[in-house]
Amino acid sequence: MGRSTIAAALALRARGHGNVVSVDPHAPTGKASYAAEHGWRETFAEFTANVARAGVSGFVLPVRATSEEARAAYDGVPIDVLFIDGSHDEEDVRFDSVAWLPLLADRAVVAYNDPYAPGVNRVIREELRSPNFSISNLRHVNNTLFADVRKGARSKPAELLALSAYAYVERQRFKLWKLALRSLFAALGVVYRERKTVPMES
Ligand SMILES: C[S@@+](CC[C@H](N)C(=O)[O-])C[C@H]1O[C@@H](n2cnc3c(N)ncnc32)[C@H](O)[C@@H]1O
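All figures in this text were calculated on a predicted structure; none of them were measured in a lab.

Student: Could you give an account of helix α6 (residues 118-127), with specific residues and numbers?
Tutor: Within the sequence span of α6, burial applies to Val-120, Asn-121, Val-123 and Ile-124. In an axial view of α6, the angular spread of the buried residues amounts to 170°, which keeps them on one side of the axis. Buried residues along α6 sit against α5 (90-100), β4 (104-113), β6 (144-151) and α7 (157-187).

Right, here's the structure in full:
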């Protein structure tokens, strides 16, 4: 718990200044995605213990709130690095993007964890294609997409093409992974099925 917060805080400690503002309710949000990850557990004590053990408490400001609650209370200080790694449900990733991207500093970095996940993937494709800022220097590190963001500029066509191609490849990676999982279940004699919406007859 808190690995990426600690990684970012270690970089700040090496630099000697800066803060990681870590927004997380650390408690059930009522969504199935939280329950799937943490059950009904609260994770704040584990998070702060890990941060303290790493020796970076002085560089981490935990905000125990959902993204929506934190945004409503945010003081508006421009953000240099925005790391989106909360709920991966599409509506939540969309909120994280639409609400927080406008708060980036004129030159900043945005990062999305798990860009293969369907909701994250769709939001990346749609929200990083904005007339309000440009993206450049896309790079994929440890399952995270990073991009440089410059406000008040437009992305070059080549960057947008790279973004689309990248998102497509990530999506295929996810589909292949699901296929492999399904085959594994089949080999174990377990039927792996997804629920599909059945159209109602009128
Ligand atoms: C994969 S963990 C991220 C951990 C974090 N990147 C780190 O290593 O420091 C995802 C987190 O998203 C949080 N989360 C879920 N819904 C959220 C929301 N609406 N707003 C903010 N955080 C949320 C969960 O509590 C969970 O701890």
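Student: An account of helix α1 (residues 3-15) is requested, with residue identities and associated values reported.
Tutor: Here α1 spans 19 Å end to end across 13 residues, near enough to the 18 Å set by a 1.5 Å rise per residue. Here α1 has its buried residues at Thr-5, Ile-6, Ala-8 and Ala-9. All buried residues of α1 project into a common sector of 165° when viewed along the axis, lining one side. Turned more than 90 degrees away from the buried face of α1, the exposed residues are Arg-3, Ala-14 and Arg-15. Contacts from the buried residues of α1 go to β1 (20-23), α3 (44-53), β2 (60-63) and β3 (79-84). Once α1 ends, the next one or two residues include Gly-16, with phi positive near 100°.

Student: I'd like to hear about the site of the ligand, residue by residue, with values.
Tutor: The environment of the ligand is made up of 18 residues, and the closest members are Ser-4, Thr-5, Ser-67, Gly-86 and Ser-87. Those elements that place two or more of their residues in the shell around the ligand are α1 and β1. The biggest single contributor to the shell around the ligand is α1, with 3 residues. Class assignment for the residues of the shell around the ligand results in 3 nonpolar, 11 polar and 4 charged.

Student: With reference to specific residues and values, describe the packing of α6 against α7.
Tutor: At a minimum axis distance of 10 Å, the contact between α6 and α7 shows a crossing angle of 170°. On the basis of the axis angle, α6 is roughly antiparallel to α7. The segment α6 lies against α7, with Pro-118, Asn-121, Ile-124 and Arg-125 engaging Leu-163, Ser-164, Ala-167, Glu-170, Arg-171 and Phe-174. Of the residues contributing to the contact of α6 with α7, the split by class is 5 nonpolar, 2 polar and 3 charged.

Student: How would you explain the environment of Thr-5 if you had to name every residue and give the values?
Tutor: With respect to the helices and strands, Thr-5 occurs in helix α1. In this structure, the C-alpha to C-alpha distance between Thr-5 and Pro-62, residues 57 residues apart in sequence, is 9.7 Å. With residues near it in sequence (within four places) discarded, Thr-5 still touches Val-20, Ser-22, Val-51 and Val-60.

The rules behind these values
Sequence order as written defines the numbering, with residues in each chain counted from 1. Whole-chain, interface and lining totals are the exception, using all residues; otherwise, since this is a predicted model, local features are given only for residues with pLDDT of at least 70 and side-chain atom pairs are given and counted only at 80 or more. Around each residue's C-beta, the other C-beta atoms within 10 Å are counted; 20 or more make the residue buried, 12 or fewer make it exposed, and counts in between make it partly exposed. All C-beta atoms are placed from the backbone. By definition, any uninterrupted DSSP run of H or I lasting at least four residues is a helix, any uninterrupted run of E lasting at least two residues is a strand, and each is numbered from the N terminus. It is the directions from the helix axis to the C-beta atoms that the arc portrays. Contacts are defined on C-beta atoms placed from the backbone: any two residues whose C-beta positions lie within 7 Å are in contact. The span you would expect from a helix comes to 1.5 Å times its residue count less one. Put plainly, near means the residue's C-beta atom, positioned from the backbone, lies within 6 Å of the molecule or strand in question. Gly counts as polar in this scheme, as do all residues outside two lists: the nonpolar Ala, Val, Leu, Ile, Met, Phe, Trp, Tyr, Cys and Pro, and the charged Asp, Glu, Lys and Arg. In this analysis, axes come from line fits to C-alpha atoms, helices being fitted only over the stretch in contact, and the angle between any two N-to-C directions falls in the range 0 to 180 degrees. What sets the label is the angle itself: under 35 degrees gives roughly parallel, over 145 gives roughly antiparallel, 65 to 115 gives roughly perpendicular, and the rest give oblique.

So far we have only geometry, and geometry alone does not tell us how the molecule works.
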